[in-house]
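Structural features, examined
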Amino acid sequence: MSIINIRNLTKTYGKSRGIENVSLEVNKGEIFGFIGPNGAGKSTTIKLLLNLIFPNSGEAKIFELDCVMQTTKIKERMGYVPSEVRYYDNMKVQDLINYAKSFHTNVDNDYVKELCKTFDIELEKNINQLSLGNKKKVAIVQALIHKPQVLILDEPTNGLDPLIQQKLFATLLRLKEEGTTTFLSSHNLTEVEEFCDRVAIIKEGKIIDVKNISEFSNKKIKRITLKLSQDIKEEIKAVGGEIIESTENSLVFNYNSDINKLLTVIGKYNLEDLIVEEKKLSEVFMSYYEMEEK
């Protein structure tokens, strides 16, 4: 069952690029990753989901409700953490949380206290006394206080120390078990690999691909380094190798084809050394951008 539905969504900023014909479906209970370089269209997409800006064409729906016409109903069941947190400087953290609670009905105060304890919130401090990371923690609690059914997180770990990052994802996994859907925009490919079910890759305002994380993992792309004096680049290319680096005494390439064909080729030569490494998921993602730029 899909919770977020985006269909042919387009937003332009005059001559500046926004997004073009973006289509996505995010299922109930997923942690869905949304990645891409700066300026790719991640923030534009999120702002459209939040109805902070209006599309030129296409539509976005959450809970089958239109993000433009029914945004108030959507936000009653949604939590949002922005990439950059801005609050009233002279407001106390406790007052801010109480203010946030006032927008929702039937808030579980014990749950809010538990969240503040989990994320080590300094309730008696003013906002202007908080570091970037501590402001982000307040934003996380604010997003969670009403037990939302959908979370939209824009770079949520930016500024957080490793312990709090760990607590955040432990919380997200627990909410996932309860059916909460999380839309996670992040530059941290390690956390995307570890916690997301699926991922969409956006570049220059367009979706390049949407994949299950397991599909990336199952590609089993290897980075192979050969130490040898002969030049065998063409033979490696012929069996599916993607050359990364070549010198007089070594050859580095990516490989995900039939390993037996590769062994037949390199078995003809006297190797000084052979190094085989599984490519990290982040390297697999990066290959999408590299291929697009060639």
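See the structure shown above.
A quick note: this is a predicted structure, and the numbers were derived from the prediction, not measured.

The next point concerns the environment of Ser229. Inspection of the secondary structure assignment puts Ser229 in the loop between strand E11 (222–227) and helix H9 (233–238). Measuring from C-alpha to C-alpha, the distance between Ser229 and Gly41 comes to 46 Å, with 188 residues separating the pair along the chain.

Taken as a whole, the largest pocket spans an internal volume of roughly 920 Å³. Only helix H1 (42–49), helix H2 (71–75), strand E6 (78–81), helix H3 (93–101) and helix H5 (132–144) provide two or more residues apiece to the lining of the largest pocket. Looking at the lining of the largest pocket residue by residue, the class counts come to 14 nonpolar, seven polar and six charged. Considering only enclosed or pocket space, the second largest pocket measures out at about 210 Å³ in volume. Along its surface, the second largest pocket is lined by 13 residues, and Glu76, His104, Thr105, Asn106 and His146 are the ones closest to its centre. Of the residues belonging to the lining of the second largest pocket, the class tally is four nonpolar, five polar and four charged.

Relative to the elements of secondary structure, Thr72 occurs in helix H2. Along the sequence, Thr72 and Leu50 sit 22 residues apart, while their C-alpha atoms lie 9.7 Å from each other.

Conventions and cut-offs
Residues numbered from 1 in each chain as written. Predicted model: local features only at pLDDT ≥ 70, side-chain atom pairs only at ≥ 80, totals over all residues. Heavy atoms only, no water. Helix = DSSP H or I, 4+ residues; strand = E, 2+ residues; numbered from the N terminus. 1 Å grid on protein atoms, 1.4 Å probe; cavity = no way out; pocket = protein on both sides within 12 Å on 5 of 7 lines; lining within 4 Å. Points joined across faces, edges and corners; volume = space filled by probe spheres on them. Nonpolar A, V, L, I, M, F, W, Y, C, P; charged D, E, K, R; others polar.

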